[in-house]
Amino acid sequence: MSKKLSALLFALMLIVSMGTLYATGQQGEGEAKPIKFGGVWPLGDITGDQAAKAAQLVVDELNANGGLLGRPVELIVIDSELNPEKGAAAIERLATVEKVDFFVGGMSSGVHLGQIPSLKKYKKVTMWTGAASSTAEAAVGEGQDWYFHLHPWDYNQGNSYVEGWDDIAEKYSNISIDRWFLAYEEGPFGSASFAATQTLFADMEIDGEAFQSAAMGGGDYTAVLQRAKDYNPDVFIWAGYGADALPIMEQAKAVNFTPPLFIGAPPGWPSDFGDSSLAENVTLYGMWAPSISKVSAVSKKFQDAYEAKYGETPATYFAPLGYTSIEIIAKAVEQAGSVETEAVIKALKAIQYESPLGETISFSPSNVISNQGFRNQKILQWQNGSQEVIWPFAFATAEPAYPFTR
Amino acid sequence: MNKKKIYTIAGISAALVLSVILLIIKPTILVYGIQRAGIYAAIALPMALVLGIVHIVNLAHGEMMMVAAYLSYFICTTFGLDPLVAAIPTGIIMFFLGLIVFKTSIAHTLEAPELNQLILTFGVAMVLSQTVNLIATSQPRKISLDYVSASATIGEVSFGIYDFIFPALAAVFLAVLIYFLKKTRIGKAASAVGQNPRGARIVGINVDLTYTIIFSLASMIIGVFGSFFITKFSIFPAVGGTFTMKSFALVAMAGIGNLPMVIGASLVLGLAESLVMSVPHGAGWTPMIFFGLIIIVILSRSFRSKQ
């Protein structure tokens with residue numbers, strides 16, 4: 001090929017490339033750059049699935065109303081698969097490839113511990129929906145003003161249980177809560193629950209026994225139920241996983257164990273647990289239940305919108321938490337008039353947000369971090385297939401059914 | 001009397017003596033132990049069959065049970081069948097699934113080193129659990145049935161009566177397998193293949209077909225057990241792994257090819273676990289008891305064979 005022809009071809013390529021670049025630039029000028037939220041939840045689990053769906057619901061609502069600051073809103077969700085390494089990789093990808101403005105998400109404390117170093121590296125405004133373990137709070141550490149935590153820490157939850165049961169025992173004189181038996185799965189979650197219960201309810205009689213959760217290859221609870229039956233407690237609690245829920249009820253019935261209060265404390269319940277007759281009058285802890293819509297207009301609005309969009313009832317409190325994580329940042333962005341980190345942090349610190357979980361929340365320091373949102377769990381009870389709130393009394397949707405019967 | 005019979009009688013006698021002691025000390029331990037042993041035996045028997053005749057350690061054994069449980073769950077929820085009825089279609093479907101798995105993968109590694117077979121079946125296990133995870137998610141599922149909580153009270157002792165279905169199921173599996181191996185033409189051929197595949201081939205037995213039938217039959221038994229499994233346990237994609245390990249340990253303890261001894265080994269382990277769990281704060285020791293007993297039995301067998 002002659003030198004002249006080569007030069008001509010090179011010039012032609014240069015002109016075409018510059019033309020393309022110019023055309024691309026012209027095309028981009030007309031469209032506003034989207035405000036991006038990066039979410040990480042375990043999508044194979046019902047908690048993560050519903051939290052991500054609820055977060056997308058807010059994004060759709062914002063876009064239907066013209067976006068945020070006149071810009072479209074985008075949510076990019078990555079599945080953590082309940083794996084700390086995948087959860088950390090998701091944060092890296094959201095920060096570097098997707099270039100999101102805000103981080104939202106979270107369900108498991110173990111996954112969050114893996115993500116915290118990456119979150120600290122980017123210091124973007126983060127609104128976390130999960131991780132109850134105070135070890136995660138310690139890992140975040142003091143002075144991280146960009147970090148906002150919605151879910152109560154384990155000690156917040158424990159304190160609210162003590163307060164709740166004291167209130168219930170005071171209001172309903174027939175309810176006795178002096179003798180406790182805790183059946184706990186033998187892993188870190190169950191053991192920590194037992195230790196915390198012993199500390200929190202130190203002035204009461206407490207005994208406990210470990211069992212191997214179905215999630216870890218177990219599933220036979222007869223021995224622990226027999227021990228509990230011999231102890232004859234006022235309150236029986238089991239701290240395991242969703243896979244234990246129905247089998248433990250069936251086996252308790254089979255060994256004829258009917259304590260006056262039967263409490264289940266798994267992180268998430270199977271979606272069809274309420275359909276079983278064995279669920280009746282089982283007490284549980286949670287931040288929200290669909291029944292709260294009876295006493296909260298904000299909760300009702302959220303639930304109606306969720307059901308209209310997805311054709312299912314949100315079954316876990318992670319759905320309204322996911323919704324809250326996006327909407328609360330959106331409100332702060334509107335108030336700040338900017339997505340700049342400092343401006344959004346300032347707006348979030350001053351916010352009073354009426355949440356679909358019932359309460360109006362604001363952020364204040366907890367034991368370690370500066371911005372803690374919710375502090376209380378609620379005490380609920382399965383009644384006629386639904387989770388009814390029995391405490392706090394301000395949100396109560398039903399009287400407690402007592403004693404637990406079959 | 002040969003040594004195998006002596007060990008079988010010794011094992012059953014030990015289990016009986018332990019049972020009588022437990023009946024006197026605390027009857028619930030005996031009840032729960034027998035129920036527990038039934039579950040172990042029912043799931044270990046098909047693995048013992050495959051290991052004894054095809055000589056394959058199937059690390060996808062528990063995962064095949066998990067797939068069967070999901071199949072049964074979806075049959076029950078779609079057609080409104082009881083899991084005990086759904087055991088029939090589930091067993092049939094699992095027969096053909098076993099056939100496909102065997103013909104497409106395991107059949108090609110029968111002459112390969114054992115490590116290759118282990119890696120292959122481990123891969124099959126991963127494929128099965130991840131496929132179910134993608135389709136059904138990790139959300140635990142369980143069919144709630146009234147009869148599962150049926151209770152009986154004798155004196156001051158209350159216990160569930162439904163769980164006795166597992167020892168009964170194990171006994172049925174054993175009886176059917178013994179009848180099949182001793183009385184049917186295919187079964188006799190399978191026994192011959194298990195003892196000496198080369199000799200069996202020389203006398204005209206179709207060894208490849210025998211392997212295929214035995215693996216598919218074991219898959220069918222797993223299918224039936226999967227339907228019973230969902231009556232008692234929640235199911236999720238990772239539920240099978242533990243049962244693979246426990247089944248293999250029981251088969252090793254019973255001795256390869258000794259189907260009746262699988263029942264004896266399950267009984268000893270079930271009762272021992274139940275005894276440990278009855279001790280306050282003893283539940284955490286059950287895996288130690290399980291594997292401790294297996295180590296003792298295998299080591300003692302090893303010493304005996306050296307002598």
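Residues numbered from 1 in each chain as written. Chains lettered and ligands numbered in written order. Predicted model: local features only at pLDDT ≥ 70, side-chain atom pairs only at ≥ 80, totals over all residues. Heavy atoms only, no water.

1. Focus: the overall build of chain A
- When helices and strands are tallied, chain A shows 12 helices and 14 strands.
- The principal-axis extents of the C-alpha atoms in chain A amount to approximately 100 × 45 × 40 Å.
- Buried residues in chain A amount to 56% of all 406 residues.
- With the model as given, the accessible surface of chain A reaches about 16300 Å², and the carbon-plus-sulfur share is 54%.
- Across chain A, 28 positive and 47 negative side-chain charges occur, with their mean positions spaced 11 Å apart. (Helix = DSSP H or I, 4+ residues; strand = E, 2+ residues; numbered from the N terminus. Buried < 20%, exposed > 50% of the residue type's maximum accessible area, 1.4 Å probe, protein only. Areas by Shrake-Rupley, 256 points an atom, 1.4 Å probe, with all protein chains shown as cover. Lys, Arg positive; Asp, Glu negative; His and termini not counted. Charge placed at Lys NZ, Arg CZ, Asp CG, Glu CD.)

2. Points about the confidence of the model for chain A
- Looking at chain A, pLDDT values average 90 and 92% of them are 70 or higher.
- Confidence drops under pLDDT 50 across residues 20–29 of chain A; counting only partners more than four residues distant or on other chains, this segment forms 0 contacts. (pLDDT = per-residue confidence, 0-100. Contact = heavy atoms within 4.5 Å.)

3. A short note on the packing of aromatic side chains
- Counted by the stated rule, this structure contains 36 aromatic pairs over all chains.
- Taken together, the aromatic side chains of Tyr 147, Tyr 162, Phe 166, Phe 225, Phe 229, Phe 233 and Phe 243 of chain B make up a single cluster linked through ring pairs.
- The side chain of Lys 378 of chain A reaches across the aromatic face of Phe 395 of chain A, ending 5.4 Å from its centre. (Phe/Tyr/Trp six-rings, centres within 6.5 Å; stacked < 30°, edge-to-face > 60°. Lys NZ or Arg CZ within 6 Å of the ring centre and 35° of its normal.)

4. Observations regarding the UniProt feature "transmembrane region" (unreviewed entry) in chain B
All names here are of chain B.
- The UniProt feature table records "transmembrane region" (unreviewed entry) at residues 6–25, 37–58, 88–106, 118–136, 157–181, 213–236, 248–272 and 284–303.
- Between the end C-alpha atoms of residues 6–25 the distance is 29 Å, and the span holds 100% helix and 0% strand.
- For residues 248–272, the helix share is 84%, the strand share is 0%, and the end-to-end C-alpha distance is 18 Å. (UniProt positions renumbered as here; feature names shortened; annotations may be inferred.)

5. Details of the pairing of strand E2 (residues 73–79) of chain A
Residue and element names in this part refer to chain A.
- Here strand E1 (residues 35–41) runs beside E2; their pairing, made up of 7 bridges, is parallel. When the bridges of E2 are listed, Phe 37 appears paired with Leu 75.
- Tracing the backbone out of E1, into helix H2 (residues 46–64) and back to the parallel element E2 gives a crossover that is right-handed. (Pairing = 2+ DSSP bridges. Right-handed = clockwise from strand over helix to strand, strands pointing away.)

6. So, the side chain of Arg 227 of chain A
- The residue Arg 227 of chain A is located in helix H8 (residues 222–231) in this model.
- On the accessibility criterion, Arg 227 of chain A (15% relative accessible area) is buried.
- The residues touching Arg 227 of chain A, leaving out its near neighbours within four places in the chain, are Phe 181, Asp 207, Gly 208 and Glu 209 of chain A together with Pro 280 and His 281 of chain B.

7. Digging into the confidence of the model for chain B
- When pLDDT is averaged along chain B, the result is 89, and 98% of the positions lie at 70 or above.
- Scoring of the predicted complex yields 0.79 for pTM and 0.84 for ipTM.

8. Details of the interface of chain A and chain B
- With 38 residues of chain A at the contact, the number on the chain B side is 35 residues.
- Both sides together, the interface formed by chain A and chain B hides about 2700 Å², and carbon and sulfur atoms give 47% of it.
- It is Asp 220, Glu 250 and Ala 254 of chain A that lose the most area in chain A upon contact with chain B, and together they represent 19% of the buried surface on that side.
- On inspection of chain A and its partner chain B, the count reaches 2 salt bridges.
- Lys 142 of chain B is the partner of Glu 250 of chain A in a salt bridge, and the nearest nitrogen-oxygen pair spans 3.0 Å.
- Those elements that provide at least two residues to the side of chain A that touches chain B are strand E7 (205–211), H8 and helix H9 (245–254) of chain A.
- Of the residues contributing to the side of chain A that touches chain B, the split by class is 14 nonpolar, 13 polar and 11 charged. (Buried area = accessible area lost by both parts, 1.4 Å probe. Salt bridge = Lys/Arg side-chain N within 4 Å of Asp/Glu carboxyl O. Nonpolar A, V, L, I, M, F, W, Y, C, P; charged D, E, K, R; others polar.)

9. Here's the deal with the pairing of strand E2 (residues 157–160) of chain B
All names here are of chain B.
- Burial along E2 is two-sided: the residues Val 157 and Phe 159 and Ser 158 and Gly 160 are all buried.
- Two strands pair when backbone bridges link them, and strand E1 (residues 151–154) and E2 are joined in this way by 4 bridges, in the antiparallel orientation. Residue pairing in the sheet places Ile 154 in a bridge with Val 157 of E2.

10. Digging into helix H10 (residues 240–254) of chain B
All names here are of chain B.
- With 15 residues, H10 extends 21 Å between its outermost C-alpha atoms, agreeing within 8% with the 21 Å of an ideal straight helix rising 1.5 Å per residue.
- H10 sits mainly inside the fold: 12 of its 15 residues count as buried.
- Where H10 is buried, its residues meet helix H2 (27–53), helix H3 (61–79), helix H9 (207–232), helix H11 (259–278) and helix H12 (286–306).
- Residue Gly 255 follows H10 closely and has a positive phi angle near 100°. (Expected span 1.5 Å × (residues − 1).)

11. Structural notes on the packing of H3 of chain B against helix H5 (residues 114–136) of chain B
Residues and elements named next belong to chain B.
- H5 packs onto H3 with a crossing angle of 30° between their chain directions and a minimal axis gap of 9 Å. Between H3 and H5, the interaxial angle falls into the category roughly parallel. Along this stretch, H3 crosses H5, giving a crossing that reads as left-handed. On the side of H3, the interface is formed by Glu 63, Met 64, Met 66, Val 67, Tyr 70 and Phe 74, while H5 contributes Ala 125, Leu 128, Ser 129, Val 132 and Ala 136.
- When the residues that make up the contact of H3 with H5 are grouped by side-chain class, the tally is 9 nonpolar, 1 polar and 1 charged. (Axes fitted to C-alpha atoms, helices over the stretch in contact; angles between N-to-C directions. Parallel < 35°, antiparallel > 145°, perpendicular 65-115°, else oblique. Left-handed = near helix turned anticlockwise from the far one by under 90°.)

12. Points about the UniProt feature "domain: Leucine-binding protein" (unreviewed entry) in chain A
- According to UniProt, the feature "domain: Leucine-binding protein" (unreviewed entry) maps to residues 45–368 of chain A in the numbering used here.
- Between the C-alpha atoms that bound residues 45–368 of chain A there is a distance of 29 Å. The span itself is 45% helix and 15% strand.

13. Remarks on the domain arrangement of chain A
Residue and element names in this part refer to chain A.
- Once the domains are mapped, chain A shows domain 1 (35–152 + 294–375) and domain 2 (156–286 + 379–395).
- Its C-alpha centre places domain 1 at a distance of 29 Å from the equivalent point of domain 2.
- Each partner contributes to the roughly 880 Å² buried at the junction of domain 1 and domain 2, and carbon and sulfur atoms together form 60% of this total.
- In terms of surface lost to domain 2, no three residues of domain 1 exceed Val 295, Tyr 317 and Arg 375, which account for 34% of the buried area on that side.
- Between the two partners, domain 1 and domain 2, sit 1 salt bridge. (Domains from an automatic or database assignment.)

14. With respect to the packing of H2 of chain A against helix H10 (residues 297–310) of chain A
Residues and elements named next belong to chain A.
- In contact at an axis separation of 10 Å, H2 and H10 are set at 100° when each is read in the N-to-C sense. Considering their axes alone, H2 and H10 lie roughly perpendicular with respect to each other. Along its contact with H2, which presents Gln 50, Lys 53, Ala 54, Gln 56, Leu 57, Asp 60 and Glu 61, the element H10 presents Phe 302, Ala 305, Tyr 306, Lys 309 and Tyr 310.
- Here the contact of H2 with H10 is built from residues that sort into 6 nonpolar, 2 polar and 4 charged.

15. Overview of a nonpolar patch on the surface
- A cluster of nonpolar side chains, namely Val 17, Val 20, Ile 21, Leu 23, Ile 24 and Ile 25 of chain B, defines an oily patch on the protein surface of about 610 Å² accessible area.
- With a relative accessible area of 49%, Val 20 of chain B lands in the partly exposed category. (Patch = residues over 30% accessible without salt bridge, like charges linked within 9 Å, V, L, I, M, F, W, Y side chains within 5 Å.)

16. Thoughts on unusual backbone geometry
Residues and elements named next belong to chain A.
- The step from Trp 391 to Pro 392 runs through a cis peptide bond, and the omega angle for that step is 5°.
- Mapping Pro 392 onto the fold places it in the segment after strand E14 (386–391).
- Residue Tyr 402 is joined to Pro 403 through a cis peptide bond whose omega torsion reads -5°.

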